[in-house]
Every structure is written in C-alpha cells, then in structure tokens.
Amino acid sequence: MVPGMPEDIAINQTRLRAIVRTCDAELHWRLTDTQQQQYVVDLLRCRSDRVFTSEELQRSVRMYHADHAHVYALQDDRDPNHQHAWQEMETYVRRVLWQQAGHSFPNAHDIIDETTGYVLEAISKSLRTYCYKAQLTTWVHKIIINKYRNYLRDRRILNPQFDIVPDDVQDLPLTISAVDQPAMHLEGKALEELVTSILQESPLMQQVFWLSVVGFKLAEIGQRVGRSTTRVHELIRQARTLIQTDARFQAWLDDPSEPNEEQPE
C-alpha cells in the first residue's frame, strides 16, 4: 500500500492488479507489464468512491479491455482513428434514432437529422464520465434515448407528464431498440415478431404495448391513441399477461436462440 493512500483505493488497486493479471493470462490478451499497470491506473480513477467487489472490478476490466481504445480515439483529436471513431458513433446514433422515430413520425428523417448533432454533442461532453461500468454502446444508448426524448419535449412533440409506465409492466426482456451486436439484433427481431404475433388480435393493445416498451409515458400513449391513462394502463397489463402466459413466449425464454414455432393456443 502506498503511504497516505486511502484504504478504499488501496483495496481496489490490489484487487485490480490481480484481476488484470488473471484476465491477461486466461484470455490471452498478451499485455505488457506497462499496459497492465495502465489498466489499473485508468480504472482506479473511476473506482475510488468505495470498495468494489471482485466481480464488479472484473466486469470493469473486461469492459475497459473491449472499449478503451475506442474511448481514447473519441476523446483525443490527435488519435489517428479519431475521425473514424466519430463517424462510427454517428452511424450508431442514427441507427438507434431510426429505431425510435422511423415508424412514429412522418418527418422522421428531419427529426433524426436535427437530433443527431444534439446527441453527439452530449456524448462528447459526457465521455469523461464514462467509467466502464457497462459496454460503451450501452452507456451511449442511454444518452441517445434521454436526449431524443428531451428533443421531442422541447419541441412540444411530446407533452411533459409525470405519470410513468409502472415498473411492473416493464419487466419483460424487451429491449428491441437496445441491440449492440448482430446476434442480439437477430434475437431482438425474433422476440419482436413473436410479441407482435401474440398481440395480433388487438391492434390497439399491440400499439399501446410497443409505445410503453420504447419509453413513452402513460399520458403520452393515451394522447397518441385517444384513450385515458387508466385505459392505457389496463391495456398494458393485459398485454403483459397475454405475453407471459403464451407457450411460445415461455419457449423463447427457455432458449431464445431457437426459432419460435407456432404452437396451439
């Protein structure tokens, strides 16, 4: 322990050194001693507010290994990959925004064009706070969604309301717009198609449910479909029940990689 170093930081430092060495050996990263030390130094900057468990630190080490070169490229305009990194980021931002707005507004292209710059600026300003607690794309995705909703509210496309879709109707594994890898995209599309099939008998219920999945609040959904918030809440609960009790959905939970075959009701 370095004299004068707070105990929390010292504990994290000791654990990080051991985890970096273990990951390097087991995952064949082939890091030099200098690189391993840089991993520890960089992660300690983000892990100094409390003692973290070995599991938390191991996750951060893996996230750091996967994303730190890309983060550095985004932050440093002298990096040879700086321009390419931001071009990739803009492509990702536009893809997520299209998933949110593409089928919701007739002027979706204009909304996406305006929102992209707004989102990229927010990402640039927030990069210094990224601490490898999750994948970079997961962290960025949250910024995109928050800024997109702020954009809509600022332009009165959505009415600000304080009633939200309750947590207990959002606990299905439906993260259709939050895909980061091709395999996850295919899995998400399969789930989207399955849920759409389950709710096909009620187009209104289907519409209300998907609006809740992408984050619209009860009052916002009610305004879009011409129903009261009470009715919207009821429709979401009914949709949730139909989905969770459907044999096809249960089969998907057991093995989402398998094709969803039609089964008798």
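Residues numbered from 1 in each chain as written. Predicted model: local features only at pLDDT ≥ 70, side-chain atom pairs only at ≥ 80, totals over all residues. Heavy atoms only, no water.

Draft legend 1. Geometry of the overall build of the protein. Check the secondary structure of the protein and you find 11 helices and 0 strands. Ordered by position in the sequence, the α and β elements of the protein form the string α-α-α-α-α-α-α-α-α-α-α. By residue count, 41% of the 265 residues in the protein fall in the buried class. Considering only contacts in the protein between residues 6 or more positions apart, those separated by 24 or more positions represent 64%. For the protein, the accessible area works out to roughly 15,300 Å², and carbon and sulfur atoms hold 50% of it. (Helix = DSSP H or I, 4+ residues; strand = E, 2+ residues; numbered from the N terminus. Buried < 20%, exposed > 50% of the residue type's maximum accessible area, 1.4 Å probe, protein only. Contact = heavy atoms within 4.5 Å. Areas by Shrake-Rupley, 256 points an atom, 1.4 Å probe, with all protein chains shown as cover.)

Draft legend 2. Layout of the packing of helix 9 (residues 218–225) against helix 10 (residues 229–245). Helix 10 packs onto helix 9 with a crossing angle of 100° between their chain directions and a minimal axis gap of 8 Å. For the element pair helix 9 / helix 10, the angle class is roughly perpendicular. On helix 10, the residues touching Leu218, Ala219, Ile221, Gly222 and Val225 of helix 9 are Thr229, Val232, His233 and Ile236. Along the lines of polarity and charge, the residues of the contact of helix 9 with helix 10 split into 6 nonpolar, 3 polar and no charged. (Axes fitted to C-alpha atoms, helices over the stretch in contact; angles between N-to-C directions. Parallel < 35°, antiparallel > 145°, perpendicular 65-115°, else oblique. Nonpolar A, V, L, I, M, F, W, Y, C, P; charged D, E, K, R; others polar.)

Draft legend 3. Spotlight on unusual backbone geometry. Unlike most non-glycine residues, Arg30 shows phi in positive territory, near 60°. As for its placement among the helices and strands, Arg30 is situated in the loop between helix 1 (7–26) and helix 2 (33–46). Non-glycine residue Tyr132 carries a positive phi angle of around 60°. Along the chain, the position of Tyr132 falls in the loop between helix 5 (108–126) and helix 6 (136–154).

Draft legend 4. Inspection of the packing of aromatic side chains at higher detail. In total, this model carries 6 aromatic pairs according to the counting rule given. Measuring from ring centre to ring centre gives 5.2 Å for Tyr130 and Trp139, while their planes differ by 50°; the resulting arrangement is tilted. Residue Tyr130 shares its accessibility class with Trp139, and that shared class is buried. (Phe/Tyr/Trp six-rings, centres within 6.5 Å; stacked < 30°, edge-to-face > 60°.)

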